[in-house]
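# Analysis of the macromolecular model
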Amino acid sequence: MDRPDLAIVIPALNEARTIGRVIEMARNHGTVFVVDDGSTDGTGDIARAAGAIVVRHDTNHGYETTLHDGCAAAVEAGARAMVTIDADGEHDPELLATFRRLLIDENIPLVLGVRPARPRIAETLMGLIFRWRYGISDALCGMKGYHAELFRQNGGFDHVKGVGTELAVQSIRRGSAFREIPVTGARRADRPRFGKALQANIRIIQGTA
(Lines give C-alpha, C1' and ligand atoms only; values in the text may rest on other atoms or scores of the structure.)
Protein backbone atom coordinates (compact mmCIF):
# COMPACT_ATOMS: atom_id res chain seq x y z
CA MET A 1 0.00 0.00 0.00
CA ASP A 2 1.27 3.48 -0.89
CA ARG A 3 2.34 5.71 2.03
CA PRO A 4 2.26 9.30 0.75
CA ASP A 5 4.63 10.91 3.26
CA LEU A 6 7.60 9.15 1.64
CA ALA A 7 8.16 9.14 -2.12
CA ILE A 8 10.41 6.62 -3.83
CA VAL A 9 11.79 8.18 -7.02
CA ILE A 10 13.01 5.76 -9.68
CA PRO A 11 14.72 6.97 -12.88
CA ALA A 12 14.16 4.42 -15.63
CA LEU A 13 15.35 3.95 -19.20
CA ASN A 14 14.40 0.65 -20.84
CA GLU A 15 14.06 -1.24 -17.56
CA ALA A 16 11.06 -3.41 -18.51
CA ARG A 17 12.75 -6.55 -17.19
CA THR A 18 13.17 -5.32 -13.62
CA ILE A 19 10.95 -2.29 -13.00
CA GLY A 20 7.80 -4.19 -12.00
CA ARG A 21 9.51 -6.15 -9.23
CA VAL A 22 11.30 -3.08 -7.87
CA ILE A 23 8.01 -1.17 -7.69
CA GLU A 24 6.18 -4.08 -6.07
CA MET A 25 8.72 -4.12 -3.24
CA ALA A 26 9.10 -0.34 -2.97
CA ARG A 27 5.37 0.30 -2.58
CA ASN A 28 5.48 -1.28 0.87
CA HIS A 29 7.39 1.76 2.06
CA GLY A 30 6.10 4.78 0.14
CA THR A 31 4.48 6.17 -2.99
CA VAL A 32 6.50 5.29 -6.07
CA PHE A 33 7.28 7.85 -8.77
CA VAL A 34 8.89 6.44 -11.91
CA VAL A 35 10.38 8.83 -14.45
CA ASP A 36 10.36 7.04 -17.79
CA ASP A 37 13.22 8.77 -19.60
CA GLY A 38 12.28 8.01 -23.19
CA SER A 39 12.05 4.22 -22.90
CA THR A 40 11.13 2.22 -25.99
CA ASP A 41 10.45 -1.13 -24.30
CA GLY A 42 7.22 -0.33 -22.43
CA THR A 43 8.90 0.49 -19.12
CA GLY A 44 6.37 3.24 -18.36
CA ASP A 45 3.36 1.04 -19.04
CA ILE A 46 4.73 -1.71 -16.81
CA ALA A 47 5.48 0.81 -14.06
CA ARG A 48 1.98 2.26 -14.23
CA ALA A 49 0.41 -1.21 -14.12
CA ALA A 50 2.53 -2.01 -11.05
CA GLY A 51 1.08 0.99 -9.22
CA ALA A 52 3.64 3.73 -9.77
CA ILE A 53 2.93 7.34 -10.67
CA VAL A 54 4.72 7.74 -14.01
CA VAL A 55 6.34 10.90 -15.32
CA ARG A 56 7.07 10.43 -19.02
CA HIS A 57 9.86 11.97 -21.11
CA ASP A 58 9.26 11.44 -24.81
CA THR A 59 13.01 11.71 -25.43
CA ASN A 60 15.98 10.93 -23.22
CA HIS A 61 16.79 13.83 -20.88
CA GLY A 62 19.53 12.21 -18.79
CA TYR A 63 19.96 11.05 -15.23
CA GLU A 64 20.01 14.38 -13.39
CA THR A 65 16.97 15.86 -15.16
CA THR A 66 15.11 12.61 -14.61
CA LEU A 67 15.77 12.70 -10.88
CA HIS A 68 14.85 16.37 -10.71
CA ASP A 69 11.52 15.78 -12.43
CA GLY A 70 10.71 12.81 -10.18
CA CYS A 71 11.52 14.74 -7.02
CA ALA A 72 9.59 17.77 -8.24
CA ALA A 73 6.53 15.60 -8.87
CA ALA A 74 6.85 14.08 -5.39
CA VAL A 75 7.19 17.48 -3.71
CA GLU A 76 4.21 18.82 -5.65
CA ALA A 77 2.19 15.80 -4.51
CA GLY A 78 2.97 16.65 -0.88
CA ALA A 79 5.70 14.14 -0.01
CA ARG A 80 7.61 14.96 3.14
CA ALA A 81 10.73 13.13 1.95
CA MET A 82 12.07 11.31 -1.10
CA VAL A 83 14.40 8.37 -1.62
CA THR A 84 16.11 7.80 -4.97
CA ILE A 85 16.63 4.20 -6.03
CA ASP A 86 17.72 2.60 -9.29
CA ALA A 87 15.37 0.58 -11.47
CA ASP A 88 17.77 -2.24 -12.34
CA GLY A 89 18.00 -3.88 -8.92
CA GLU A 90 21.32 -2.34 -7.88
CA HIS A 91 19.69 -1.23 -4.63
CA ASP A 92 17.72 -3.61 -2.43
CA PRO A 93 14.21 -2.12 -1.99
CA GLU A 94 13.96 -3.67 1.46
CA LEU A 95 16.44 -1.01 2.60
CA LEU A 96 13.66 1.51 2.16
CA ALA A 97 12.35 0.51 5.58
CA THR A 98 15.53 1.92 7.14
CA PHE A 99 15.37 5.06 5.02
CA ARG A 100 11.74 5.57 6.10
CA ARG A 101 12.61 5.16 9.77
CA LEU A 102 15.44 7.67 9.60
CA LEU A 103 13.77 10.26 7.36
CA ILE A 104 10.22 10.10 8.75
CA ASP A 105 10.31 8.60 12.24
CA GLU A 106 13.65 10.06 13.36
CA ASN A 107 13.33 13.23 11.25
CA ILE A 108 16.87 13.09 9.85
CA PRO A 109 16.85 15.39 6.79
CA LEU A 110 19.50 13.63 4.69
CA VAL A 111 20.27 9.90 4.53
CA LEU A 112 23.09 8.67 2.30
CA GLY A 113 23.69 5.13 1.10
CA VAL A 114 27.18 3.64 1.22
CA ARG A 115 28.01 0.76 -1.11
CA PRO A 116 30.31 -2.05 0.07
CA ALA A 117 32.69 -1.41 -2.85
CA ARG A 118 33.23 1.09 -5.67
CA PRO A 119 33.22 -0.55 -9.09
CA ARG A 120 35.65 1.93 -10.68
CA ILE A 121 38.95 3.41 -9.49
CA ALA A 122 37.85 6.94 -10.44
CA GLU A 123 34.86 6.62 -8.09
CA THR A 124 37.13 5.50 -5.27
CA LEU A 125 39.46 8.45 -5.73
CA MET A 126 36.65 10.98 -6.05
CA GLY A 127 34.97 9.44 -3.02
CA LEU A 128 38.06 10.01 -0.91
CA ILE A 129 37.99 13.69 -1.81
CA PHE A 130 34.29 14.03 -0.97
CA ARG A 131 34.96 12.33 2.37
CA TRP A 132 37.82 14.74 3.12
CA ARG A 133 35.79 17.84 2.20
CA TYR A 134 32.32 16.93 3.46
CA GLY A 135 32.50 13.72 5.48
CA ILE A 136 30.54 11.75 2.86
CA SER A 137 31.72 8.17 2.41
CA ASP A 138 30.06 7.45 -0.95
CA ALA A 139 28.73 10.58 -2.64
CA LEU A 140 28.11 8.69 -5.89
CA CYS A 141 25.79 6.04 -4.44
CA GLY A 142 22.44 6.46 -6.18
CA MET A 143 20.37 5.52 -3.13
CA LYS A 144 19.90 8.66 -1.05
CA GLY A 145 17.07 10.14 1.00
CA TYR A 146 16.15 13.81 1.31
CA HIS A 147 13.58 15.86 3.12
CA ALA A 148 11.50 17.80 0.61
CA GLU A 149 12.63 21.04 2.23
CA LEU A 150 16.21 20.38 1.11
CA PHE A 151 15.00 20.15 -2.49
CA ARG A 152 13.15 23.45 -2.10
CA GLN A 153 16.14 25.19 -0.52
CA ASN A 154 18.40 24.06 -3.35
CA GLY A 155 15.98 25.23 -6.03
CA GLY A 156 15.90 21.72 -7.48
CA PHE A 157 17.89 18.53 -7.55
CA ASP A 158 20.83 19.34 -9.78
CA HIS A 159 22.09 22.30 -11.79
CA VAL A 160 25.48 21.05 -13.02
CA LYS A 161 24.95 17.37 -13.99
CA GLY A 162 26.84 16.11 -10.96
CA VAL A 163 25.53 12.51 -11.02
CA GLY A 164 23.30 12.98 -8.02
CA THR A 165 25.88 14.62 -5.75
CA GLU A 166 24.80 18.26 -5.81
CA LEU A 167 21.73 18.22 -3.58
CA ALA A 168 23.47 16.21 -0.87
CA VAL A 169 26.62 18.34 -0.86
CA GLN A 170 24.79 21.67 -1.00
CA SER A 171 22.51 20.56 1.83
CA ILE A 172 25.53 19.67 3.99
CA ARG A 173 27.09 23.04 3.16
CA ARG A 174 23.93 24.70 4.43
CA GLY A 175 24.32 22.82 7.71
CA SER A 176 22.03 19.84 7.22
CA ALA A 177 22.47 16.90 9.55
CA PHE A 178 22.90 13.58 7.78
CA ARG A 179 23.25 9.88 8.41
CA GLU A 180 25.01 7.22 6.34
CA ILE A 181 23.83 3.62 6.04
CA PRO A 182 25.22 0.61 4.16
CA VAL A 183 23.31 -0.40 1.03
CA THR A 184 23.45 -3.65 -0.89
CA GLY A 185 22.09 -5.02 -4.12
CA ALA A 186 23.11 -6.23 -7.56
CA ARG A 187 25.92 -4.61 -9.51
CA ARG A 188 24.85 -2.08 -12.13
CA ALA A 189 23.97 -3.60 -15.49
CA ASP A 190 24.20 -0.40 -17.57
CA ARG A 191 27.07 1.87 -18.52
CA PRO A 192 28.60 3.97 -15.70
CA ARG A 193 27.39 7.52 -15.30
CA PHE A 194 30.40 8.86 -13.47
CA GLY A 195 32.72 9.44 -16.40
CA LYS A 196 30.26 11.90 -17.91
CA ALA A 197 30.42 14.23 -14.92
CA LEU A 198 33.99 14.39 -13.67
CA GLN A 199 34.30 18.14 -14.21
CA ALA A 200 30.95 18.81 -12.56
CA ASN A 201 31.97 16.82 -9.48
CA ILE A 202 35.27 18.69 -9.27
CA ARG A 203 33.32 21.97 -9.32
CA ILE A 204 31.05 20.67 -6.55
CA ILE A 205 34.05 19.65 -4.42
CA GLN A 206 35.69 23.03 -4.98
CA GLY A 207 32.52 24.84 -3.96
CA THR A 208 32.14 26.63 -7.29
CA ALA A 209 29.04 24.75 -8.51
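## Side note on the pattern of salt bridges
Side chains that differ in sign of charge can pair as their charged atoms come close. Summed over the entire model, instances satisfying the criterion amount to nine salt bridges. Here Asp-5 makes a salt bridge to Arg-100, at a shortest N to O gap of 2.7 Å. In this pair, Asp-5 sits in the segment before β1 (6–12) while Arg-100 sits in helix α4 (residues 96–105), placing the two residues 95 residues apart along the sequence. Of the charged contacts in the structure, one is a salt bridge between Arg-152 and Glu-149, with a shortest N-O distance of 3.2 Å. With a gap of three residues between them, Arg-152 and Glu-149 both fall in helix α6 (residues 148–154), about one helical turn apart. Through salt bridges with shared partners, a single network forms among Asp-36, Arg-56 and Asp-58.

## Details of the packing of aromatic side chains
Counted by the stated rule, this structure contains two aromatic pairs. Between Phe-130 and Tyr-134, the ring centres sit 6.4 Å apart and the planes meet at 40 degrees, which makes this aromatic pair tilted. In this pair, Phe-130 and Tyr-134 are both assigned in helix α5 (residues 121–134), four residues apart and thus about one turn of the helix distant. Across this residue pair, the class does not change: Phe-130 and Tyr-134 are buried.

## Considering the pairing of β1
The buried count for β1 comes to seven of seven residues, which makes it a mostly enclosed element. Burial along β1 is two-sided: the residues Leu-6, Ile-8, Ile-10 and Ala-12 and Ala-7, Val-9 and Pro-11 are all buried. Bridging between β1 and strand β4 (residues 81–84) involves four bridges; their strand directions are parallel. Among the inter-strand pairings, Ala-7 is bridged to a residue of β4, identified as Met-82. With helix α1 (residues 19–26) bridging β1 and its parallel neighbour strand β2 (residues 31–37), the resulting β-α-β unit is right-handed.

## Focus: the confidence of the model for the protein
Looking at the protein as a whole, its pLDDT mean stands at 87, while 84% of the residues score no less than 70. Here residues 189–197 is a poorly scored stretch, pLDDT under 50, and it has 16 contacts once near neighbours within four places are set aside; other chains count.

Reading guide: rules and limits
- Residues numbered from 1 in each chain as written.
- Predicted model: local features only at pLDDT ≥ 70, side-chain atom pairs only at ≥ 80, totals over all residues.
- Heavy atoms only, no water.
- Salt bridge = Lys/Arg side-chain N within 4 Å of Asp/Glu carboxyl O.
- Helix = DSSP H or I, 4+ residues; strand = E, 2+ residues; numbered from the N terminus.
- Phe/Tyr/Trp six-rings, centres within 6.5 Å; stacked < 30°, edge-to-face > 60°.
- Buried < 20%, exposed > 50% of the residue type's maximum accessible area, 1.4 Å probe, protein only.
- Pairing = 2+ DSSP bridges.
- Right-handed = clockwise from strand over helix to strand, strands pointing away.
- pLDDT = per-residue confidence, 0-100.
- Contact = heavy atoms within 4.5 Å.

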